[in-house]
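Observations on the three-dimensional arrangement
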Amino acid sequence: MTKLFYIKASPRGESSRSVAVADAYLAALRAKHPDIEVDVLDPWTADLPEFDGDRANAKLTVFDGQTNQGAQATRWDEIVKIATRFTQADRYLFAIPMWNGSIPYKLKHYIDVIHQPGLLFGFDPAKGYFGLLKGKKATLVYTSGAFSQAFPSPAFGVDHQSAYMRAWLNQAGVTDIEEIRYQPTILTPDSEGDFARAKAQAAGLAR
Ligand SMILES: Cc1cc2nc3c(=O)[nH]c(=O)nc-3n(C[C@H](O)[C@H](O)[C@H](O)COP(=O)(O)O)c2cc1C
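A brief look at the structure comes next.

Parameters at a glance
Residues numbered from 1 in each chain as written. Predicted model: local features only at pLDDT ≥ 70, side-chain atom pairs only at ≥ 80, totals over all residues. Heavy atoms only, no water. Helix = DSSP H or I, 4+ residues; strand = E, 2+ residues; numbered from the N terminus. Polar contact = N/O pair within 3.5 Å; in protein donor to acceptor, adjacent residues only side chain to side chain. Near = heavy atom within 4 Å. Areas by Shrake-Rupley, 256 points an atom, 1.4 Å probe, with all protein chains shown as cover. Pairing = 2+ DSSP bridges. Salt bridge = Lys/Arg side-chain N within 4 Å of Asp/Glu carboxyl O. Buried < 20%, exposed > 50% of the residue type's maximum accessible area, 1.4 Å probe, protein only. Axes fitted to C-alpha atoms, helices over the stretch in contact; angles between N-to-C directions. Parallel < 35°, antiparallel > 145°, perpendicular 65-115°, else oblique. Contact = heavy atoms within 4.5 Å. Nonpolar A, V, L, I, M, F, W, Y, C, P; charged D, E, K, R; others polar. Core = buried A, V, L, I, M, F, W, Y, C linked by side-chain atoms within 4.5 Å.

1. Focus: the environment of Thr139
Mapped onto the secondary structure, Thr139 falls in strand β6 (residues 137-143). Considered as a pair, Thr139 and Ala22 are 117 residues apart in the sequence and their alpha carbons are 8.7 Å apart. A distance of 2.8 Å separates polar atoms of two side chains, one belonging to Thr139 and the other to Glu178.

Structure follows, in structure tokens:
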């Protein structure tokens, strides 16, 4: 059975446009594959641990090929558990609003917790990073109020949102990526029409 992990990076609940477009994608996917197993993460309500000194040290210890001891070992075990929920999925669905040119900090917090050596990536001193996730697919829904690929940059903003997400997923080994953009969402002649078209595009992609 295919497992899909759905991450809602907007805290706006029912008002969220990125979540609504991602929901349209998921509804169409479920209609096509009724047996799909869906795990939803809301990083705004999830109990994400601070990536503090012990955790950062634990990461660097593993990166260095050593074994964590004491408090660092306990922290590392917690991180492995949280990251495993992500790594065991076959597919990923992200709803991501642009926040100040980039992604909401709670999503970045989640990525900082799970993006770990030996779990999502490896490192070769001669060749660099390599991904450990194999055969997975990611669907990313982006919204932004003012930024659009069609508008001049940087006057309307710079897209660190999709650039960062693609770079991170690629480093983890996820290269099968599809992107759905509802951009811009604010102060446009037909934002409701654009919203409906984005949901239809999402549903069409899922089918
Ligand atoms: C904290 C915050 C920062 C934002 N920063 C940007 C930005 O840099 N560029 C932009 O085009 N829109 C920005 N927006 C607008 C949102 O990206 C836009 O309203 C989007 O549709 C929100 O997605 P959501 O409905 O899923 O929450 C920002 C909104 C918030 C709340």
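Now that the structure has been shown, we can carry on.
2. Here's the deal with the site of the ligand
Residues in contact with the ligand amount to 17 residues; listed here are only the nearest, Ser10, Arg12, Ser16, Arg17 and Ser18. A distance of 2.6 Å separates an oxygen atom of the ligand from a polar atom in the side chain of Ser16. Here Gly101 contributes a backbone N or O atom positioned 2.8 Å from an oxygen atom of the ligand. When the ligand is considered free in solution it has 630 Å² of accessible area, and contact with the protein chains removes 76% of it.

3. Examining the pairing of strand β7 (residues 176-182)
Relative to β7, β6 runs parallel, the two being bridged by seven bridges. Within the sheet, the bridge partner assigned to Thr143 lies in β7 and is Tyr182.

4. Here we look at the pattern of salt bridges
Here the structure, examined in full by the defined rule, presents 11 salt bridges. Between Glu192 and Arg17 there is a salt bridge; the shortest N-O distance is 2.9 Å. You can see Glu192 sitting in helix α6 (residues 191-206) and its partner Arg17 sitting in helix α1 (residues 17-32), a full 175 residues away along the chain. Here Glu192 falls in the partly exposed class, since its relative accessible area comes to 45%. Its salt-bridge partner being Arg55, residue Asp52 comes within 2.9 Å of it at the nearest N-O pair. A cluster of three or more residues bridged by salt bridges with shared partners is formed by Asp52, Arg55, Arg75 and Glu78.

5. Section: the side chain of Ser16
Tracing the backbone through its elements, the reader meets Ser16 in the loop between β1 (3-8) and α1. For Ser16, a relative accessible area of 3% puts it in the buried group. Within the structure, Ser16 has its side chain in polar contact with the backbone nitrogen of Val19 (distance 3.0 Å).

6. A word on the packing of helix α3 (residues 70-87) against helix α4 (residues 105-114)
Two elements in contact, α3 and α4, have axes whose closest approach is 8 Å; the angle formed by their N-to-C orientations is 110°. By the criterion of interaxial angle, the relationship of α3 to α4 is roughly perpendicular. Along the contact surface, α3 presents Ile79, Ile82, Ala83 and Phe86, while α4 presents Tyr110, Val113 and Ile114. Its residues placed into classes, the contact of α3 with α4 shows seven nonpolar, no polar and no charged.

7. Notes on the sheet that holds strand β2 (residues 37-41)
Reading across the sheet, the five strands line up as β2-β1-β3-β6-β7 and stay open at both edges, with parallel pairing between neighbours. In this open sheet, the two strands that pair with only one neighbour each are β2 and β7. Recorded for the sheet is a direction-independent mean angle of 15° between the axes of neighbouring strands. Of the pairings in the sheet, the one linking β1 to strand β3 (residues 91-97) comprises five bridges and is parallel in character. Considered in β3, the bridge of Ile7 is made with Phe94.

8. Quick word on the nonpolar core
Residues Phe86, Tyr92, Phe94, Leu107, Met165 and Trp168 are the most contacted members of the largest nonpolar core, which totals 27 residues. When residues of this core are traced back to their parent elements, those giving at least two are β1, α3, β3, α4, β6 and α5 (160-172). Here the element with the most residues in this core is α4; it accounts for five residues. In contact with Tyr92, other than residues within four places in its own chain, are Phe5, Phe86, Thr87, Leu133, Lys136, Lys137, Ala138, Thr139 and Val174. If you look at the next biggest cluster of nonpolar residues, it comprises 20 residues, including Val21, Ile36, Ala203 and Ala206.

9. Thoughts on the side chain of His115
You can see His115 is positioned in the loop between α4 and β4 (121-124). Judged by relative accessible area, which is 8%, His115 ranks as buried. When neighbours within four sequence positions are excluded, His115 is seen to be in contact with Lys59, Leu120, Phe121, Trp168, Gln171 and Ala172.

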